[in-house]
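# Structure at a glance
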Amino acid sequence: MATLERYRVALENVETQTEIATVMAEFGYDAALIEEGKQLFTKTRQAYDENVKEDDETSQAYADFMAKREALEKTYSLHRKKAKVIFRKDLETMKKLVIDGSMPRAYVSWLEIVKKFYTEMLADTELQTKIARLKVTADDLTAANALLSEMESARSKYLIEKGESQDATNIKDSAFAELDDWMSEFYAVAKIALEDNIQLLEALGVIVRN
């Protein structure tokens, strides 16, 4: 991140360049105060890196969840179509399998219908025998139900990662606010202390406009 790199260079150069260190010390920015700034920088850098890591983990967890959801949607859609053909004259079974209406868009409502379908199918060997005519075996139903469980676990993991990512963002933002405040005063003092030496100011990352 450009801001962090600018701060890093400033804090490094105010220590390593003797002329800058001497002048800034005269304005209160001695070794102890610079160390305070460096500690704030380290804390912010760590918070930023942790936030990036958590965001990456959240993205991966979401991708895993969506891959399983899409796979289940595809499988269930096919099973649902076949069941509607097999049980088209059996309204009671169609209601029991919840294949007598349209599918909702909302995830939770969709999930409940899919769960009901596989729970009922796996509990009734007669239904399994009938749908086997269209090449849906008991193993197919079991595999789909297992995928449903995997998808739910993946979503739970994603929600955990999302929460951790939000916490990491809040910690990073708080650290940045503290460091930004410290560096703002540092730059303001540097502009006064080094106003006659543009090169030294630029070494601290202060852009001096002609």
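Residues numbered from 1 in each chain as written. Predicted model: local features only at pLDDT ≥ 70, side-chain atom pairs only at ≥ 80, totals over all residues. Heavy atoms only, no water.

### Structural notes on the side chain of Lys172
This is how it is decided: Here a helix means four or more residues in a row that DSSP labels H or I, a strand means two or more in a row labelled E, and each is numbered from the N terminus. Whether a residue is buried, partly exposed or exposed follows from its accessible area with a 1.4 Å probe, protein chains only, as a fraction of its type maximum: under 20%, in between, or over 50%, in that order. Whether two residues are in contact is decided by their heavy atoms, any of which lying within 4.5 Å being enough.
Structurally, Lys172 can be placed in helix 7 (residues 138-193). Exposure remark for Lys172: the relative accessible area of 17% places this residue in the buried category. Residues contacting Lys172, with those up to four places away along its chain left out, are Ala47, Tyr48 and Asn51.

### Overview of helix 1 (residues 2-16)
Stated precisely, the cut-off is as follows: An expected span of 1.5 Å times one less than the residue number is assigned to each helix.
If you check helix 1, its first and last C-alpha atoms are 21 Å apart, about what 15 residues at 1.5 Å a residue would give, namely 21 Å. Here helix 1 has its buried residues at Leu4, Tyr7, Ala10, Leu11, Asn13 and Val14. For helix 1, the elements touching its buried residues are helix 2 (18-26), helix 3 (31-86), helix 7 and helix 8 (198-203).

### Quick notes on the packing of aromatic side chains
To keep it simple, the criterion reads: Aromatic rings from Phe, Tyr and Trp, with only the six-membered ring used for Trp, were paired whenever their centres fell within 6.5 Å, and each pair was classed as stacked if the ring planes differed by under 30 degrees, edge-to-face if by over 60, and tilted otherwise. Here, a charge over a ring is recorded when the distance from Lys NZ or Arg CZ to the ring centre is within 6 Å and its angle to the ring normal is within 35 degrees.
According to the stated counting rule, one finds 13 aromatic pairs in the structure shown. When the centroid spacing of 5.5 Å and the interplanar angle of 80° are considered together, the rings of Tyr29 and Phe186 count as edge-to-face. One end of the pair, Tyr29, is in the loop between helix 2 and helix 3; the other, Phe186, is in helix 7, and 157 residues separate them in sequence. The residues Tyr29 and Phe186 share a single accessibility class, namely buried. Note on Phe65 and Tyr107: the rings are 5.7 Å apart at their centroids and 75° apart in plane angle, and the pair reads as edge-to-face. Highlighted residues: Phe65 in helix 3 and Tyr107 in helix 5 (residues 107-123), separated in sequence by 42 residues. Through successive ring pairs, a cluster of aromatic residues spans Tyr7, Tyr29, Trp182, Phe186 and Tyr187. We note Arg6 situated over the ring of Tyr187; from NZ or CZ to the ring centre the distance is 4.2 Å.

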